[in-house]
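# Commentary on secondary and tertiary structure
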Amino acid sequence: MSSLQKPIGIYFEHPEWFKPLFAELDRRGLPYEKIDAAHHLFNPSEKESRYSLVVNRMSSSAYLRGHGQGIFHTAGYATHLERIGTRIINGSAATAIETNKARQLSLFESLGLKYPASRVINHASRAVDAARELRFPVVVKVNIGGSGAGIIRFDTPEGLQAAVDNNQIDLGIDQTALVQEYVTPRGGHIHRVETLNGKFLYAMKVYTTGESFNLCPAEICQIPEEQSAEFCLTEAPKKGIQVEAFTPPADVIEAVERIVAAAKIDVGGIEYLIDDRTGDVLFYDINALSNFVADAVNVVGFDPYARFVDYLESQLPVAAVAREEVATV
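Keep in mind that what you see is a predicted model, and the values were worked out from it rather than measured. (Residues numbered from 1 in each chain as written. Predicted model: local features only at pLDDT ≥ 70, side-chain atom pairs only at ≥ 80, totals over all residues. Heavy atoms only, no water.)

## With respect to the sheet that holds strand 3 (residues 53–57)
With parallel pairing, 4 strands are arranged side by side in an open sheet as 2-1-3-4. Looking at the sheet topology across the chains shown, the edges are occupied by strand 2 (32–36) and strand 4 (88–89). Across 5 bridges, the pairing between strand 1 (residues 8–12) and strand 3 is parallel. Directly across from Gly9, in strand 3, lies its bridge partner Val54. The strands touched by helix 2 (residues 69–83) within the sheet are strand 1, strand 2, strand 3 and strand 4, with strand 1 carrying the most contacts at an inclination of about 155°. (Pairing = 2+ DSSP bridges. Helix = DSSP H or I, 4+ residues; strand = E, 2+ residues; numbered from the N terminus. Contact = heavy atoms within 4.5 Å. Axes fitted to C-alpha atoms, helices over the stretch in contact; angles between N-to-C directions.)

## Details of the packing of aromatic side chains
Centre distance and the angle of the planes are the two values used to describe a pair of aromatic rings. Within this structure, the stated rule accounts for 13 aromatic pairs. Both rings, one in Trp17 and one in Phe18, keep their centres 6.3 Å apart while their planes meet at 85°; by these two values the pair is edge-to-face. For the pair formed by Trp17 and Phe18, the shared burial category is buried. Taken together through their ring pairs, the aromatic side chains of Phe12, Trp17, Phe18, Phe22 and Tyr32 make up a single cluster. The aromatic ring of Phe246 is capped on one face by Lys205, whose charged end is 5.4 Å from the ring centroid. For the cation-ring pair, Arg307 lies above Phe302, with the distance from its terminal atom to the ring centre recorded as 4.0 Å. (Phe/Tyr/Trp six-rings, centres within 6.5 Å; stacked < 30°, edge-to-face > 60°. Buried < 20%, exposed > 50% of the residue type's maximum accessible area, 1.4 Å probe, protein only. Lys NZ or Arg CZ within 6 Å of the ring centre and 35° of its normal.)

## Things to note about helix 6 (residues 157–165)
Residues of helix 6 that are buried include every one of Leu160, Ala163 and Val164, and no others. Down the axis of helix 6, the smallest arc covering the buried residues is 100°, so these residues share one side. Away from its buried face by more than 90 degrees, helix 6 exposes Glu158 and Asp165. On its buried face, helix 6 is in contact with helix 5 (127–132), strand 6 (138–142) and strand 7 (151–154). Phi turns positive, to about 55°, at Asn167, one or two residues after helix 6. (Arc of directions from axis to C-beta.)

## Some details on empty space enclosed by the protein
It is the rolling of a water-molecule-sized probe over the atoms that shows where space remains empty. On inspection of all chains with the given rule, the structure shows 3 cavities of 30 Å³ or more. By volume, the second largest cavity amounts to about 100 Å³. Among the elements of the structure, strand 3, helix 2 and helix 3 (92–98) are those that each provide at least two residues to the lining of the second largest cavity. (1 Å grid on protein atoms, 1.4 Å probe; cavity = no way out; pocket = protein on both sides within 12 Å on 5 of 7 lines; lining within 4 Å. Points joined across faces, edges and corners; volume = space filled by probe spheres on them.)

## Overview of the nonpolar core
Residues Ile10, Leu21, Val55, Ile89, Tyr202, Phe308 and Leu312 are the most contacted members of the largest nonpolar core, which totals 36 residues. Put simply, the parts of the chain that give this core at least two residues each are strand 1, helix 1 (19–28), strand 3, strand 9 (189–196), strand 10 (199–207), strand 14 (267–274), strand 15 (281–287) and helix 10 (304–328). In this view, Ile10 contacts Leu21, Phe22, Leu25, Tyr32, Glu33, Lys34, Ile35 and Val55; residues no more than four positions away in its chain are not counted. The next biggest cluster of nonpolar side chains, apart from the first, holds 24 residues, and it includes Leu111, Val252, Val260 and Tyr272. (Core = buried A, V, L, I, M, F, W, Y, C linked by side-chain atoms within 4.5 Å.)

## Thoughts on helix 1
Along helix 1, the residues classified as buried are Leu21, Phe22, Glu24 and Leu25. Down the axis, helix 1 shows its buried residues gathered within 160° of arc, on one side only. Of the residues trailing helix 1, Gly29 is marked for its positive phi of about 70°.

## Some remarks on the side chain of Gln104
Its place among the elements puts Gln104 in helix 4 (residues 101–110). With relative accessibility at 0%, the residue Gln104 sits in the buried group. A distance of 3.0 Å separates a polar side-chain atom of Gln104 from the backbone nitrogen of Ile286. Discounting chain neighbours no more than four positions away, the residues touching Gln104 are Ile97, Glu98, Tyr284, Asp285 and Ile286. (Polar contact = N/O pair within 3.5 Å; in protein donor to acceptor, adjacent residues only side chain to side chain.)

## Structural notes on the confidence of the model for the protein
Considering every residue of the protein, the mean pLDDT works out to 86; 83% of them sit at 70 or more. Considering only residues more than four positions removed or in separate chains, one finds that residues 212–238, a stretch of pLDDT under 50, has 93 contacts. A low-confidence stretch, residues 325–329 stays under pLDDT 50, and its non-local contacts, those more than four residues away or across chains, total 2 contacts. (pLDDT = per-residue confidence, 0-100.)

## Describing the pattern of salt bridges
A full pass over the atoms with the stated rule returns 19 salt bridges. For Arg87, the salt bridge identified is with Asp266, shortest N-O distance 3.1 Å. With a gap of 179 residues between them, Arg87 in the loop between helix 2 and strand 4 and Asp266 in the loop between helix 8 (250–263) and strand 14 connect regions that are remote in the sequence. Here the two residues Arg87 and Asp266 agree in accessibility, since each one is buried. Taking the shortest distance from any N to any O, the salt bridge between Arg119 and Glu133 comes out at 2.4 Å. Taken together, the residues span a long stretch of sequence, with Arg119 in strand 5 (residues 118–121) and Glu133 in the loop between helix 5 and strand 6 at a distance of 14 residues. Classification of Glu133 as exposed rests on a relative accessible area of 52%. Residues joined in a network through salt bridges with shared partners are Glu24, Arg27, Arg28, Asp310 and Glu313. (Salt bridge = Lys/Arg side-chain N within 4 Å of Asp/Glu carboxyl O.)

This is how it looks when you write it as structure tokens:
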């Protein structure tokens, strides 16, 4: 079987998010194979992959659907694919950033970009100590979240102390969390900037209720003092969630492109807000899992899945060359 006859591997866990991707691949007649990231195995001794390239669409929110094992498994699988010379879209470096908000803050810091004031803890008993160095309200945000999950807001030190005393703070599946100043977004919206191949693709404003600033375009979650409902952007009109396209300032686009370059993200979204108090641009989330906006043609003026598959097709020769180079070493 030649390299270009091999299928594209689509490694994913969410049952609904990528139907438009599969439809576009079908429309073009491109061979592909669905890989179940939640129930997966691989042979570390294999010398060559059965796929021409692998598209990594593993979600950090998988643990909400009982598939948390896939998050940790993906790191090993991505490393394996890279070792045997298989091109992987959003590889091990992107996975490491996607699944670790503490790493994301470190990346923002290294690039000289602003983000909400934060502390990182590995035990709930340190939450109060961390919050003493911050301005209330604060949020406790799990390190591996996704879809806004695992964010709890506290308006007072007493409320945070009571939650700690009553064992009500869960630090998530890796027992690491951020204690972060809550920021009111100017204009009542956050900004999501999508990128492809390291370049700006489109951007959206997503209007919030004011209770959460950890919003993603596929599933919008509001989690104040208690866990609450999950909203999907595909149903935004029915839910009354306002989404609109816009073009960020040139300096923001430049900063976003620096972020995805440093994180080695092939396709993904960066989220930021404008601090209503200071006017500062604050970056707060890096998403190597990119869920394009629903009804994109009407919202942003084109079909991002078509652009994405264009990119995948452009990477097929790169995948073949990568394997040939490894074979000659």
